[in-house]
Amino acid sequence: MTVFRGCIDIHSGKVKQIVGGKLVKDDTESDEVETNFVSEQPSSYYAQLYKQNQVYGTHVIKLGSLKANDDAAREALGAWRGGLQIGGGITDSNAQEWIDQGASHVIVTSWLFPEGQFSIERLQHLSSLIGKEKLLVDLSCRRQEIDGSPQWVVAMNKWQTLTSSVLDREFFQLLSQYCDEFLVHAADVEGLCQGIDQELVRKLSEWSDLPVTYAGGARSIQDLETVKQLSNGKVDLTFGSALDIFGGNLVKFEDCVKWNKTQ
């Protein structure tokens, strides 16, 4: 059944909530980015909060290549070994290291799309290297109107570069052979608190037979019920900027935890 999944987004070594489509430069070049929230708390604070409330499947995303992001990610993983997923800059050369640091899964996107072209060979290699059960594929996307119909194109490099891959059931079925679950950020609505992409949520439940978490635009505790209805309970939901623990005033973390306990 649909549950709330947590997130810990790290940029310039700090836990932040960023307006998704506005992250252009790497934080090694500039730490200036449009944010909804910058936390004074360390990453371990949020990891412990999720652990105490049994919010399983929480993802830690490094939004930049600064060493401070790696340090903050390790701090979070240390606070809940085996309970968090890690993404951001994951490749075949560092995936096992992050598993050894305590991640339950590694989350990979951009590395699977050299020059914007999906590489099944890279996915197969990474899957065999660390095990299918420890691999999560991030298929974050941007909505495109093509011949009057919506399509969702996989976006990489902080969601600034469109790949050649369009989301559909065939693509999900192919990838499902080599990973354990999926994460999908709707980049066009990420961080805006203006509502979820309901059509995408419905499609995800039709396309994927594996667990899939949707993120982007959630702004009300009622969105959990909406996602449950749209997906027949097959899609989970992440709240970010709307959540009170990230400075939001639209959704209470306590209510999300209560929802999970009833499912």
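Rules used in this analysis
Residues numbered from 1 in each chain as written. Predicted model: local features only at pLDDT ≥ 70, side-chain atom pairs only at ≥ 80, totals over all residues. Heavy atoms only, no water. Axes fitted to C-alpha atoms, helices over the stretch in contact; angles between N-to-C directions. Helix = DSSP H or I, 4+ residues; strand = E, 2+ residues; numbered from the N terminus. Parallel < 35°, antiparallel > 145°, perpendicular 65-115°, else oblique. Left-handed = near helix turned anticlockwise from the far one by under 90°. Contact = heavy atoms within 4.5 Å. Nonpolar A, V, L, I, M, F, W, Y, C, P; charged D, E, K, R; others polar. Buried < 20%, exposed > 50% of the residue type's maximum accessible area, 1.4 Å probe, protein only. Pairing = 2+ DSSP bridges. Right-handed = clockwise from strand over helix to strand, strands pointing away. Polar contact = N/O pair within 3.5 Å; in protein donor to acceptor, adjacent residues only side chain to side chain.

1. Looking at the packing of helix H5 (residues 169–176) against helix H6 (residues 198–207)
Here's step 1: Contact geometry of H5 with H6 gives a least axis separation of 9 Å together with a crossing angle of 50°. Classified by the angle between their axes, H5 and H6 sit oblique to one another. Where H5 crosses over H6, the two elements pack in a sense that is right-handed. Along the contact surface, H5 presents Arg169, Phe172 and Gln173, while H6 presents Leu204, Glu206 and Trp207.
Here's step 2: When its residues are assigned to classes, the contact of H5 with H6 shows three nonpolar, one polar and two charged.

2. A look at unusual backbone geometry
Here's step 1: Here Ser12, not a glycine, exhibits a phi torsion of approximately 55°, which is positive.
Here's step 2: Tracing the backbone shows Ser12 in the loop between strand E2 (7–11) and strand E3 (14–18).
Here's step 3: For Gln54, which is not glycine, the phi torsion reads 55° and is therefore positive.
Here's step 4: Tracing the backbone through its elements, the reader meets Gln54 in the loop between helix H1 (43–52) and strand E5 (58–62).
Here's step 5: According to the relative accessible area criterion, Gln54 is partly exposed, its value standing at 48%.

3. So, the pairing of strand E6 (residues 84–87)
Working note: regular strand, side chains alternate between the two faces of the sheet.
Here's step 1: On E6, burial covers both faces: Leu84 and Ile86 on one face and Gln85 and Gly87 on the other are all buried.
Here's step 2: Taken together, the four bridges between E5 and E6 define a ladder with parallel strand orientation. Bridging across to E6, Ile61 finds its partner in Gly87.
Here's step 3: Tracing the backbone out of E5, into helix H2 (residues 67–79) and back to the parallel element E6 gives a crossover that is right-handed.
Here's step 4: In this structure, E6 lies alongside strand E7 (residues 105–108), joined through three bridges in parallel fashion. Across the sheet, residue Gly87 finds its bridge partner in E7, namely Ile107.
Here's step 5: Once the chain exits E6 it traverses helix H3 (residues 95–100) before rejoining the sheet at E7, and the crossover so formed is right-handed.

4. A look at the side chain of His185
Here's step 1: By secondary structure assignment, the location of His185 is in strand E12 (residues 181–185).
Here's step 2: A polar contact is formed between the side chain of His185 and the side chain of Ser140, at a distance of 3.0 Å.
Here's step 3: Non-local contacts of His185, meaning those with residues more than four positions away in its chain, are made with His59, Asp138, Ser140, Cys141, Trp159, Glu190 and Ala215.

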